[in-house]
Amino acid sequence: MSSVAKISGVGFLFLMHVALARLLPDADQYGYVVWAVSLAQLLAVLAVLGLSQTALRFGSRYLARGEHGRYLALVRMASVRVAMAGVLIASAVFAWFFFRQAAYGITTRHEVAMIIGLTVPLIALGDLTGRIAQAHQWFALAFFPERTLRPVLVIVGSWLVFSLSDHSLRAEQAAWVIFFSTLTWVATQALLVQLKRRRTLGFAEAGNPMDVDDEKRAWRQAAVPFFVIGLMSIGMAYGDILLLGLLSDGKETGGYFAANRLAQLVALPFYIIVGVLAPRFAESDAAENRRQLQSLATVGAH
């Protein structure tokens, strides 16, 4: 199911960028949009703080052991911290651009970045929710809302704005379409995961604070390397686009972004394998089944 979601997601993402490139009036404005989206993805990693991967690792272990109290305590802690960090980062971005506008005026690129910067807490929470769904092995909920629902909403929303605005779509309007599409994706995914978790776990309560104190240290220790790895990964994926956007115009940025995304299709099988095997690795580790771990590693390598 995750393979289908990721493959279809690549197609819908490609169609989304084709639609934006066709509907926006020029290449410069398309470049502004993709630069702002890249910036939001980078800032979302700072908001996640490595907690989404931590929730996947420990959540899978707790669910396999039936330790629902510890699992719920982990989810609650991660959700609160990710939401707070995301709101702080989005507020800082908005404030910086607002004061820059007051002092020096603001360009279209900065206005687009300010709008899409509001998606930072949403993207961070969406990533966490997806990892929680992976921990339960609900792969449809983990991948389809982000990789299918969001691009479709952006395509439909952009076309509607284009049709209702005398066949014109500005970069600022596209940014608002992306914001509301992201909001719809995250709200839908969170609601469905919450409802399904209620049916699975019932009304289990989070573990006693004293009972999870020893686990919190392990959560923090695990989150640090996950944060560093995530930051390095997103830096390699978007750092060149962000740098090019600062040093060049929107037309060059948009063209480079399109070529870069086509090249990344080569890595699609890797992402599919990781998404499928990650929760199974955690379960095998919780059961201390070394033979199963070796078998999964061999299957993944091949």
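Source: prediction; values computed, not measured.

**Quick word on unusual backbone geometry**
Item 1. We note that Leu-49 has phi near 60°; this positive angle belongs to a residue other than glycine.
Item 2. Tracing the backbone through its elements, the reader meets Leu-49 in the loop between α2 (27–48) and α3 (51–65).
Item 3. By relative accessible area, which is 37% here, Leu-49 ends up partly exposed.

**Considerations on a nonpolar patch on the surface**
Item 1. A contiguous nonpolar surface patch, about 360 Å² in accessible area, is contributed by Phe-14, Leu-15, Val-18 and Leu-262.
Item 2. Take the nonpolar patch: its biggest share by element is three residues, from helix α1 (residues 2–23).
Item 3. Positionally, Phe-14 belongs in helix α1.

**Notes on a positive patch on the surface**
Item 1. A cluster of basic residues, Arg-81, Lys-216, Arg-217 and Arg-220, forms a positive patch at the surface.
Item 2. Take the positive patch: its biggest share by element is three residues, from helix α9 (residues 209–247).
Item 3. Here Arg-220 is to be found in helix α9.
Item 4. By relative accessible area, which is 45% here, Arg-220 ends up partly exposed.

**Focus on the nonpolar core**
Item 1. Counting 74 residues, the largest nonpolar core has Leu-20, Leu-24, Val-33, Tyr-71, Val-112, Ile-116 and Trp-219 as its most contacted members.
Item 2. The contacts of Val-112, once residues within four sequence positions are left out, are Tyr-32, Val-33, Ala-36, Ala-171, Glu-172 and Ala-175.

**Let's talk about helix α7 (residues 139–164)**
Item 1. For α7, built from 26 residues, the straight-helix expectation of 38 Å at 1.5 Å per residue is met to within 8% by its first-to-last C-alpha distance of 37 Å.
Item 2. Buried residues of α7: Phe-139, Leu-141, Ala-142, Phe-143, Pro-145, Thr-148, Arg-150, Pro-151, Val-154, Gly-157, Ser-158 and Phe-162, and no others.

**Thoughts on the side chain of Thr-119**
Item 1. Along the chain, Thr-119 falls in the loop between α5 (108–117) and α6 (120–135).
Item 2. Within polar-contact distance, the side chain of Thr-119 engages the backbone oxygen of Ile-116 at 2.5 Å.
Item 3. With near-sequence residues (within four places) excluded, Thr-119 lies in contact with Ala-40, Phe-179 and Thr-182.

**Observations concerning the packing of α3 against α6**
Item 1. Put simply, α3 and α6 touch, their axes get as near as 8 Å, and they point 20° apart. Classed by the angle they form, the pair α3 and α6 counts as roughly parallel. Pair α3 / α6 crosses with right-handed handedness. Two secondary-structure elements touch here, α3 through Leu-51, Ser-52, Gln-53, Ala-55, Leu-56, Gly-59, Ser-60 and Leu-63 and α6 through Asp-127, Leu-128, Arg-131, Gln-134 and Ala-135.
Item 2. Residues belonging to the contact of α3 with α6 are distributed by class as follows: six nonpolar, five polar and two charged.

Thresholds applied
- Residues numbered from 1 in each chain as written.
- Predicted model: local features only at pLDDT ≥ 70, side-chain atom pairs only at ≥ 80, totals over all residues.
- Heavy atoms only, no water.
- Helix = DSSP H or I, 4+ residues; strand = E, 2+ residues; numbered from the N terminus.
- Buried < 20%, exposed > 50% of the residue type's maximum accessible area, 1.4 Å probe, protein only.
- Patch = residues over 30% accessible without salt bridge, like charges linked within 9 Å, V, L, I, M, F, W, Y side chains within 5 Å.
- Areas by Shrake-Rupley, 256 points an atom, 1.4 Å probe, with all protein chains shown as cover.
- Salt bridge = Lys/Arg side-chain N within 4 Å of Asp/Glu carboxyl O.
- Lys, Arg positive; Asp, Glu negative; His and termini not counted.
- Charge placed at Lys NZ, Arg CZ, Asp CG, Glu CD.
- Core = buried A, V, L, I, M, F, W, Y, C linked by side-chain atoms within 4.5 Å.
- Contact = heavy atoms within 4.5 Å.
- Expected span 1.5 Å × (residues − 1).
- Polar contact = N/O pair within 3.5 Å; in protein donor to acceptor, adjacent residues only side chain to side chain.
- Axes fitted to C-alpha atoms, helices over the stretch in contact; angles between N-to-C directions.
- Parallel < 35°, antiparallel > 145°, perpendicular 65-115°, else oblique.
- Left-handed = near helix turned anticlockwise from the far one by under 90°.
- Nonpolar A, V, L, I, M, F, W, Y, C, P; charged D, E, K, R; others polar.

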